[in-house]
Amino acid sequence: MDFIQDLLAAIGVVINGIPQGILALSFGFAAFPTGLGFAFAAIANVLTGSVAPVSFQVETITVAGTMGDNKRERVSLIFYAAIIMTVIGLFGLMEQLVDFIGVEITAGMMAGVGLILVKAAIDMAKSNPCVGIISFVTALVVYIFTHDLVYTIVSSVVLATLYSAVYKKQFFHLPEDVTQKKLSFIKPQALNLKIARGALALACLNIGSNISFGMITGSMTGAETNPVNVDTLTVVSSVADFVTSLFGGAPLESIISATGSAPNPVLSGVLMMTIMALILFFGILPKLGKFVPMESIAGFLFVLGAVVTTPSNFSAGSAIDPMTTGITMIVSYFFDPFFGMIAGMIVKFLLPLLGVTL
């Protein structure tokens, strides 16, 4: 009976991850090499006993996809960010770094990323208004009545896709390099200002998400002490990104995973990542991506950004320091999370030393 519950929790997280995986394909990330990342993370969690799995994370996918102008730039951002985060995790610096920066800044960065999701959702809906509107309305209505993100994403994607298939009769063709079942090495670009800025932005985003998402998953286990080691989680997700990025795969990061509430959370998380790896290795996700329009995920992105991510993080940060949180959020949105962190640190640390109060 416990195994069935573990499996059902894993399948629920897989269903939640499939539309986000399709979003990754729409940005040109390849499916097959991403399966390597899932396989590595599954093995790593078995060896480390970590209850926090990794999967497609819409925030990182969107930031990497929008900050890079082409596939090589995008995978280069992920590659260098993975190196930064691996070093941080190996030296056990995650908690110390977050303690130094403060909740008001990390929460402000995440709130700013929520606004980025809102903008991405609106831009998607504009590119295909009918599909986008159906996705928006369905997602908002379902979330209002259920407050469940799995129901929200499944219902909005399914209805928008059905509309597109029945009335538009469109088929969606992904590039061959996204769907091919082989590995093609992509040499990362040499570091320049644009690549460095993007890598630092992704690293800052992952610092916030590993702490918040990882710890939330750990809290689901009901253990008196949170069982998630954020440094272990950081190393696992970063090495997975390192592997996938070299072959054009999508980033895999910490998520809020229902597997944490399963009877055997480690096993359930491993099952989830194994299933996702098989879906990618056998080319099932790209086949779904041919028929599911990218705009079908717009409603879920909007709900996740405008209703879930931004309000909760801004509330958590502003309870400590609303000015620092607000400035971090706005700068993260208009520039990126790295500049948002710098702006927040200036407001929190530098201005008081200069005797300036806001």
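Residues numbered from 1 in each chain as written. Predicted model: local features only at pLDDT ≥ 70, side-chain atom pairs only at ≥ 80, totals over all residues. Heavy atoms only, no water.

(A) Focus on the overall build of the protein. The helix and strand inventory of the protein stands at 16 helices and two strands. For the protein, the C-alpha radius of gyration of 19 Å lies close to 21 Å, the compact-globule estimate for 358 residues. For the C-alpha atoms alone, the extent of the protein along its principal axes is close to 65 × 45 × 45 Å. Burial analysis of the protein (358 residues in total) assigns 56% to the buried set. For the protein, restricting intrachain contacts to residue pairs at least 6 apart in sequence, the fraction spanning at least 24 positions comes to 84%. Just so you have it, the protein exposes about 14900 Å², and 71% of that area is on carbon and sulfur atoms. Averaged over its 15 positive side-chain charges, the protein has a centre that lies 17 Å from the centre of its 19 negative ones. (Helix = DSSP H or I, 4+ residues; strand = E, 2+ residues; numbered from the N terminus. Rg over C-alpha atoms; globule rule 2.2 N^0.38 Å. Buried < 20%, exposed > 50% of the residue type's maximum accessible area, 1.4 Å probe, protein only. Contact = heavy atoms within 4.5 Å. Areas by Shrake-Rupley, 256 points an atom, 1.4 Å probe, with all protein chains shown as cover. Lys, Arg positive; Asp, Glu negative; His and termini not counted. Charge placed at Lys NZ, Arg CZ, Asp CG, Glu CD.)

(B) The arrangement of empty space enclosed by the protein in detail. What the rule picks out here adds up to two cavities of 30 Å³ or more. Quantified by volume, the largest cavity comes out at close to 40 Å³. Around the largest cavity, the lining residues are Pro19, Ile22, Leu23, Val157, Val292, Pro293, Met294, Ser296 and Ile297. Counting residues per element, the lining of the largest cavity draws most heavily on helix H1 (residues 2-26), at three residues. The residue makeup of the lining of the largest cavity, split by class, is eight nonpolar, one polar and no charged. Volume-wise, the second largest cavity comes out at about 30 Å³. (1 Å grid on protein atoms, 1.4 Å probe; cavity = no way out; pocket = protein on both sides within 12 Å on 5 of 7 lines; lining within 4 Å. Points joined across faces, edges and corners; volume = space filled by probe spheres on them. Nonpolar A, V, L, I, M, F, W, Y, C, P; charged D, E, K, R; others polar.)

(C) Focus on the packing of helix H6 (residues 103-127) against helix H7 (residues 129-146). At their nearest, the axes of H6 and H7 sit 5 Å apart, and the two run at 135 degrees to each other. In terms of orientation, H6 lies oblique with respect to H7. Counted together, Ala121, Ile122, Ala125, Lys126 and Ser127 of H6 and Pro129, Gly132 and Phe136 of H7 form the full contact between these two elements. Counted by class, the contact of H6 with H7 contains five nonpolar, two polar and one charged residues. (Axes fitted to C-alpha atoms, helices over the stretch in contact; angles between N-to-C directions. Parallel < 35°, antiparallel > 145°, perpendicular 65-115°, else oblique.)

(D) Summary view of the packing of aromatic side chains. Per the counting criterion, the structure on display carries ten aromatic pairs. Each ring, one from Phe338 and one from Phe339, has its centre 5.8 Å from the other, and the planes form 65 degrees; the classification is edge-to-face. By relative accessible area, which is 18% here, Phe338 ends up buried. We classify Phe339 as partly exposed; its relative accessible area is 36%. The structure contains a cluster of three or more aromatic residues connected by ring pairs, namely Phe79, Tyr80 and Phe242. (Phe/Tyr/Trp six-rings, centres within 6.5 Å; stacked < 30°, edge-to-face > 60°.)

As far as function goes, none of this settles anything; it's purely spatial.
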